[in-house]
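# Summary of structural features
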Amino acid sequence: MANSPSGESVISRVVRLMSAFDRDLPAMTLSGLARRAGLPLTTAHRLVDDLVLHGLIERLPDGNLCSGMRMWELAARGSRALNLRELALPFMEDVQAAVHQHTTLAVLDHGTVLYVERLSSPHSSLDAAHIAQRMPIHAASSGLVLLAFSPPAVQAEVLAKPLKAVTPETITGPALIRKHLAEIRQRGYVALPGIGVTEWTGIAVPVFGPGNSAAAALNAIVPRQEAAVPLIVPALLTAAHGISRALKSAQPEGRADFRHR
């Protein structure tokens, strides 16, 4: 069971199957999974049987399929994101106690912003920035602050691609984005309302790892009508400095490099 007639490898087809599950549709029938993954039903059936055998997909009592706990277990072992989350959580909890809004931790991964942790506020109506959710780099405060402290080659690669507007206020012009990146580097944070979700403002600061590279972004998400930026930025910067120190002290112990590309 190597490549398909189209030349697609088994691994590629398995990835398509596993990627079909998400927060909006965590379980589905075999035919629905095959359709969503864009695979023939017979191919999906054969692969799913193997994945169920190894616990990567589970069959629910009603016959539907969902991602298995074994998938989570394997993904968590030795994960750079897991190490980063464990080091960052105590500092994120301090921010959460101060701002009483969503607090997130994000990295750059394969050309997008990937949220690796979120502490939620029961008082917030925002349903975004979930763990494992991705956002375009230019449409998230975390993305912009990470891009601002990325090497020029990374910035050029991101800005050379077509940039789509997520909201009417998403910045899509490369020249204007470069202007904002320069301002972010100068003041050390970003707070642009409405670029990812119209009703909210993301306030983000960089977290630096070994070699003073930007390893992650620490972010607080607040209703845009609140004039909270001057109060929240100091809490974020203090926490980010603490996480940065923890990352740098963890590196000599043989842990993996925390940088994501």
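Reading the values: rules and limits
Residues numbered from 1 in each chain as written. Predicted model: local features only at pLDDT ≥ 70, side-chain atom pairs only at ≥ 80, totals over all residues. Heavy atoms only, no water. Buried < 20%, exposed > 50% of the residue type's maximum accessible area, 1.4 Å probe, protein only. Helix = DSSP H or I, 4+ residues; strand = E, 2+ residues; numbered from the N terminus. Pairing = 2+ DSSP bridges. Core = buried A, V, L, I, M, F, W, Y, C linked by side-chain atoms within 4.5 Å. Contact = heavy atoms within 4.5 Å. Expected span 1.5 Å × (residues − 1). Arc of directions from axis to C-beta. Axes fitted to C-alpha atoms, helices over the stretch in contact; angles between N-to-C directions. Left-handed = near helix turned anticlockwise from the far one by under 90°. Nonpolar A, V, L, I, M, F, W, Y, C, P; charged D, E, K, R; others polar. 1 Å grid on protein atoms, 1.4 Å probe; cavity = no way out; pocket = protein on both sides within 12 Å on 5 of 7 lines; lining within 4 Å. Points joined across faces, edges and corners; volume = space filled by probe spheres on them.

- Under an unreviewed UniProt entry, the name given to the protein chain is IclR family transcriptional regulator, and the organism recorded is Arthrobacter sp. K5.

### As for the pairing of strand S8 (residues 200-208)
- Counting buried positions along S8 gives eight out of nine residues, so the element sits mostly inside the fold.
- Count of turn residues in the strand S7 (residues 190-193)/S8 antiparallel hairpin: six residues, of which Gly194 carries a positive phi of about 75 degrees.
- Here S8 runs beside strand S9 (residues 214-223); their pairing, made up of nine bridges, is antiparallel. Within S9, the position partnered with Pro206 by the bridge is Ala217.
- Between S8 and the antiparallel strand that follows it, S9, lie five residues; Gly211 among them carries a positive phi value of about 80 degrees.

### Section: the nonpolar core
- Core analysis: the biggest nonpolar cluster contains 31 residues, and Leu105, Leu218, Ile232 and Leu236 have the highest contact counts within it.
- Among the secondary structure elements, those contributing two or more residues to this core are helix H5 (80-99), strand S4 (102-109), strand S5 (112-119), S8, S9 and helix H9 (229-250).
- Ranked by residues supplied to this core, first place goes to H9 with nine residues.
- Leaving out residues up to four positions away in the same chain, Leu105 has contacts with Leu84, Arg85, Ala88, Met92, Leu114, Tyr115, Val116, Glu117, Ala216, Ala217 and Leu218.
- Formed by 26 residues, the second largest nonpolar core is a distinct cluster that contains Ala140, Val158, Leu159 and Leu181.

### Overview of helix H3 (residues 41-53)
- Look at H3: 18 Å from first C-alpha to last across 13 residues, which is about the 18 Å you get at 1.5 Å a residue.
- Taken together, the buried positions of H3 are Thr43, Ala44, Leu47, Val48 and Leu51. Burial along H3 is one-sided: seen end-on, the buried residues are contained in an arc of 120 degrees. Of the residues in H3, the exposed ones pointing more than 90 degrees away from the buried face are Thr42 and Leu53.

### Considerations on the sheet that holds strand S1 (residues 27-28)
- The antiparallel open sheet is built from three strands, whose spatial order is S1-S3-S2. In the strand order of this sheet, the two ends are held by S1 and strand S2 (57-59), each with one partner.
- As judged from the two bridges shared by S1 and strand S3 (residues 65-67), these two strands associate in the antiparallel manner. Along S3, the bridge assignment pairs Met28 with Leu65.

### Points about the side chain of Gln155
- As for its position among the elements, Gln155 is in helix H7 (residues 152-159).
- With relative accessibility at 8%, the residue Gln155 sits in the buried group.
- The residues touching Gln155, leaving out its near neighbours within four places in the chain, are Leu147, Ala148, Ser150, Arg178, Leu181 and Arg185.

### A look at the packing of H7 against helix H8 (residues 174-187)
- Close contact between H7 and H8 brings their axes to 11 Å; oriented N to C, the two are set at 145 degrees. As for how H7 packs across H8, the hand of that crossing is right-handed. Contacts between H7 and H8 involve Gln155, Ala156 and Leu159 from the first element and Pro174, Ile177, Arg178, Leu181 and Arg185 from the second.
- Along the lines of polarity and charge, the residues of the contact of H7 with H8 split into five nonpolar, one polar and two charged.

### Remarks on the layout of surface pockets
- Estimates place the volume of the largest pocket at around 1300 Å³.
- As for the largest pocket, its lining consists of 32 residues, and the residues nearest its centre are Ala75, Leu114, Ile131, Ala132 and Gln133.
- Broken down by secondary-structure element, the contributors of at least two residues to the lining of the largest pocket are helix H1 (10-19), S3, helix H4 (69-76), H5 and S5.
- Of the residues belonging to the lining of the largest pocket, the class tally is 16 nonpolar, eight polar and eight charged.

### Quick notes on the environment of Ser141
- Turning to its location among the elements, Ser141 is positioned in helix H6 (residues 141-148).
- Here the alpha-carbon distance between Ser141 and Leu192, two residues 51 residues apart in the chain, equals 6.8 Å.
- With sequence-adjacent residues up to four places away left out, Ser141 is seen in contact with Val190, Ile195, Gly202, Ile203, Ala204 and Asn219.

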